[in-house]
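A structural walkthrough
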Amino acid sequence: VQLVESGGGLVQPGGSLRLSCAASGFTFSSYRMSWYRQAPGKERELVAAITRGGGSTNYADSVRGRFTISGDNAKNTVSLQMNSLKPEDTAVYYCNARKNSWSDYWGQGTQVTVSS
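The text that follows walks through the structure, step by step, so that each part is easy to find. (Residues numbered from 1 in each chain as written. Predicted model: local features only at pLDDT ≥ 70, side-chain atom pairs only at ≥ 80, totals over all residues. Heavy atoms only, no water.)

1. Observations concerning the pairing of strand 5 (residues 45-50)
Heads up, the condition is: Between any two strands, at least two bridges found by DSSP are needed for them to pair. A run of H or I in DSSP counts as a helix once it spans at least four residues, and a run of E counts as a strand once it spans at least two, with each numbered from the N terminus.
Bridge count between strand 4 (residues 32-38) and strand 5: 5 bridges; the pairing is antiparallel. Pairing of Arg 37 across the sheet is with Glu 45, part of strand 5. Between strand 4 and strand 5, which pair antiparallel and follow one another directly, the connecting turn spans 6 residues, one of which, Gly 41, has a positive phi of 80 degrees. Across 3 bridges, the pairing between strand 5 and strand 6 (residues 57-59) is antiparallel.

2. Some points on the sheet that holds strand 1 (residues 2-6)
Hydrogen bonds between backbone atoms are what pair the strands of a sheet, whose relative direction is either parallel or antiparallel. Our working definition: Each axis is a line fitted through C-alpha atoms, taken for helices only over the stretch in contact, and angles between the N-to-C directions span 0 to 180 degrees.
Spatially, the 4 strands line up as an open sheet ordered 1-3-8-7, and their pairing is antiparallel. At either margin of the open sheet sits one strand with a lone partner, and together these are strand 1 and strand 7 (67-72). Here the strands of the sheet are splayed against their neighbours by 15 degrees on average, with no regard to which way each runs. As paired strands, strand 3 (residues 17-24) and strand 8 (residues 77-82) are joined by 6 bridges and run antiparallel to one another. The partner of Ala 22 across the bridge, within strand 8, is Thr 77.

3. Here we look at the packing of aromatic side chains
Cut-off, in case you're wondering: Two rings belonging to Phe, Tyr or Trp (six-membered ring only in the last case) form a pair when the distance between their centres is within 6.5 Å. Interplanar angles under 30 degrees mark stacking, angles over 60 mark edge-to-face geometry, and anything in between is tilted. With a 1.4 Å probe rolled over the protein chains alone, any residue whose accessible area is under 20% of its type maximum counts as buried; one over 50% counts as exposed, and the rest are partly exposed.
Taken as a whole and assessed by the stated rule, the structure comprises 4 aromatic pairs. Aromatic pair Phe 26 and Tyr 105: ring centres 6.0 Å apart, planes at 40 degrees, arrangement tilted. Highlighted residues: Phe 26 in the loop between strand 3 and strand 4 and Tyr 105 in strand 10 (residues 103-106), separated in sequence by 79 residues. For the ring pair Tyr 36 and Trp 106, a centre distance of 4.9 Å and an interplane angle of 65 degrees mean the geometry is edge-to-face. Taken together, the residues span a long stretch of sequence, with Tyr 36 in strand 4 and Trp 106 in strand 10 at a distance of 70 residues. Judged by relative accessible area, which is 35%, Trp 106 ranks as partly exposed.

4. Topic: the pairing of strand 1
Burial of the side chains of strand 1 is restricted to one face: Leu 3 and Glu 5 are buried, whereas none of Gln 2, Val 4 and Ser 6 on the reverse face is. Across 5 bridges, strand 1 lies against strand 3 in antiparallel orientation. Pairing of Glu 5 across the sheet is with Cys 21, part of strand 3.

5. Some points on the environment of Leu 17
Short version of the rule: A contact between two residues is defined here by any heavy atoms of the two lying within 4.5 Å.
By the element assignment, Leu 17 lies in strand 3. Residue Leu 17 is classed as buried on the basis of its relative accessible area, which comes to 15%. Leu 17 sits 70 residues away from Pro 87 along the chain, and the two C-alpha atoms are 13 Å apart. Discounting residues that sit within four places of it in the chain, Leu 17 has contacts with Gly 7, Gly 8, Gly 9, Val 11, Leu 80, Gln 81, Met 82, Leu 85 and Val 112.

Rendered as structure tokens:
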């Protein structure tokens, strides 16, 4: 099983970034796909999730209306479009794939820094 994130970087406040997670080694459509983030000194938190098959999504209150999660079952990828970025969005962003408690996988993370 492998989850590989890409797309992080440095962006100014108000800017946009698109994160991507390429998945392999499991049946992508059977997993709930999520993005989490962890800022220095803080606990990892859920940012956005999309259910198996992409039927529904949910977002943290802090990002709702600014971030959009989407999945592509044909390409085994999940993306996070992040708009109107704020300094408080600065964190390492992680891709997660979860089917149940024993099928729960994480990527290595990608750094997002929002700063002028």
